[in-house]
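Listed below are the residues making up each chain.
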Amino acid sequence: MKDLSELLQSVPPSATIAVSDKARRLKAEGRDVIALAGGDPDFATPQHIVDAAVAAMREGDTHYPPAKGKPALLEAVAGKLERENGVQVEPSQVIVTPGGKWSLYIAIAAMVNPGDEVLILDPSWVSYGPIVTLNGATPVRVTLPSEDNFRVTQGLLREHVTEHSKVLMVNSPNNPTGRVLTLEEIDAIAAVAIEHDLYVISDEVYEHMVYDGAQHYSLAAEPGMAERTITANSFSKTYAMTGWRLGWLAAPEPIAKLAMKLQTQSVTSAVSFVMAGGIAALNGPQDCVQEMVDSYAERRKFMVDALEEIDGIECAPIEGAFYLFPKFPNSDKNSLELAGALLDQADIAATPGVAFGEAGEDHLRFTIATAMADLERAVERLEKVAPRLVA
Ligand code: PMP
Ligand code: GLU
């Protein structure tokens, strides 16, 4: 048989999805696994969103929609960006996608050529590197210092910029570190992007999940950034809609046009009646979002306090998103071995930090988008197993 795709063979499968699927499989086999691996809210999608989609389906909204998204949804996204983020875009700059991951994919595809470099802040979400590689460009990882809470500085960014640099991918609030970029860090990113004429992808899927007074800033709202920033977002986390597969991006017109070419030549569009749910989500009441965020805040406090009490675990109090990224300073195990040991010895599924890049080694990622009862059980098990994770 002839060779298969070298490009696809060169990238790993998504580690977050692999570990979540494994946890699901073990549970189905009867093992009492606590799944802290994947970032999937345990909440049901709010009822008014479900009702809108079901009504649309019943009313026959089951045909090809406009490939870019229903006009009402494009307008709702543009309205939300202005209202909540201080970002001005025309609805024509918005593309509705089947999930935020696809927004990132088509945005990168629209911008890069072979030989171009895309700067990725390490640790970063597992799919950033592979998305760049699959589009024929080269990911360049900017290692952020774990000991300085993964702070972003102009100096660090500049060290990695070359004449081939084209795009910088930013995610705040961050998966997996839980960091929310401060205004100083946002300014540093904007300064370097403008100085070196870089495009910036600002992945804001966790924008509402901020704690203890942390504030989310949208890069596209910064002076000089609108013309070089692609804002990517999703309904998955904000409205507990991971299974609906609905996201969007807002980009400068020429980028949006090219990204649309890929959308029409591949997936065509997001799902028609799912978009009706999206319109209800953006234009409807937002107290459901606050309720979920309040609950994550409570779980965050419980987990950070509980993990800090356990000998051998260090856990920074995250500022945003819904993942903890603890370290196991006394252990000789690497993060893959640690995740394996936790699953074997405590039936806890966690994502190994190295899946997020070298800077994530020595960490594990636990999601707190998991029912409180499961978090409590996880803590009990961690207390028992932590001494054994040493060496
Ligand atoms: N960006 C980040 C940082 C994520 O963690 C995820 C996964 N939820 C996404 C984008 C994409 O989410 P989705 O494809 O479910 O919209
Ligand atoms: N983004 C989530 C995570 O990091 C869901 C899985 C995925 O899309 O990678 O766990």
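Up top is the structure.
Residues numbered from 1 in each chain as written. Chains lettered and ligands numbered in written order. Predicted model: local features only at pLDDT ≥ 70, side-chain atom pairs only at ≥ 80, totals over all residues. Heavy atoms only, no water.

A word on the site of ligand 1. Close contacts around ligand 1 come from 13 residues, with G100, D203, Y206, S234 and K237 the closest. In this structure, a nitrogen atom belonging to ligand 1 sits 2.6 Å away from a side-chain N or O atom of D203. Within the side chain of Y206, an N or O atom sits 2.7 Å from an oxygen atom of ligand 1. Out of a free accessible area of 400 Å², ligand 1 has 94% covered by protein chains. Under a 2 Å grid-point criterion requiring more than half of the atoms, the pocket assigned to ligand 1 is the largest pocket. Among the residues forming the shell around ligand 1, the class breakdown is 3 nonpolar, 6 polar and 4 charged. (Near = heavy atom within 4 Å. Polar contact = N/O pair within 3.5 Å; in protein donor to acceptor, adjacent residues only side chain to side chain. Areas by Shrake-Rupley, 256 points an atom, 1.4 Å probe, with all protein chains shown as cover. 1 Å grid on protein atoms, 1.4 Å probe; cavity = no way out; pocket = protein on both sides within 12 Å on 5 of 7 lines; lining within 4 Å. Sits in = over half its atoms within 2 Å of the grid points. Nonpolar A, V, L, I, M, F, W, Y, C, P; charged D, E, K, R; others polar.)

The subject of this paragraph is the pairing of strand β6 (residues 199-203). Within a regular strand, the side chains alternate between the two sheet faces. In terms of residue burial, β6 counts as a mostly covered element, since 4 of its 5 residues are buried. Two elements, strand β5 (residues 165-171) and β6, share 5 bridges in a ladder whose sense is parallel. When the sheet's bridge partners are listed, M169 is paired in β6 with I201. Assessed by its sense of winding, the connection that carries the chain from β5 through helix α8 (residues 183-195) to β6 is right-handed. Both β6 and strand β7 (residues 229-234) contribute to a ladder of 4 bridges, which runs parallel. Within β7, the residue paired with S202 across the bridge is T231. (Buried < 20%, exposed > 50% of the residue type's maximum accessible area, 1.4 Å probe, protein only. Helix = DSSP H or I, 4+ residues; strand = E, 2+ residues; numbered from the N terminus. Pairing = 2+ DSSP bridges. Right-handed = clockwise from strand over helix to strand, strands pointing away.)

Counted as a void, the largest pocket has a volume near 890 Å³. Taken together, 37 residues form the lining of the largest pocket, with G38, G39, D40, K237 and T242 sitting closest to its centre. Contributions of two or more residues to the lining of the largest pocket are made by α2 (15-28), α5 (100-111), β7 and β12 (364-367). Ranked by residue count, the leading element in the lining of the largest pocket is α2, at 7 residues. Taken together, the residues of the lining of the largest pocket sort by class into 14 nonpolar, 12 polar and 11 charged. (Points joined across faces, edges and corners; volume = space filled by probe spheres on them.)

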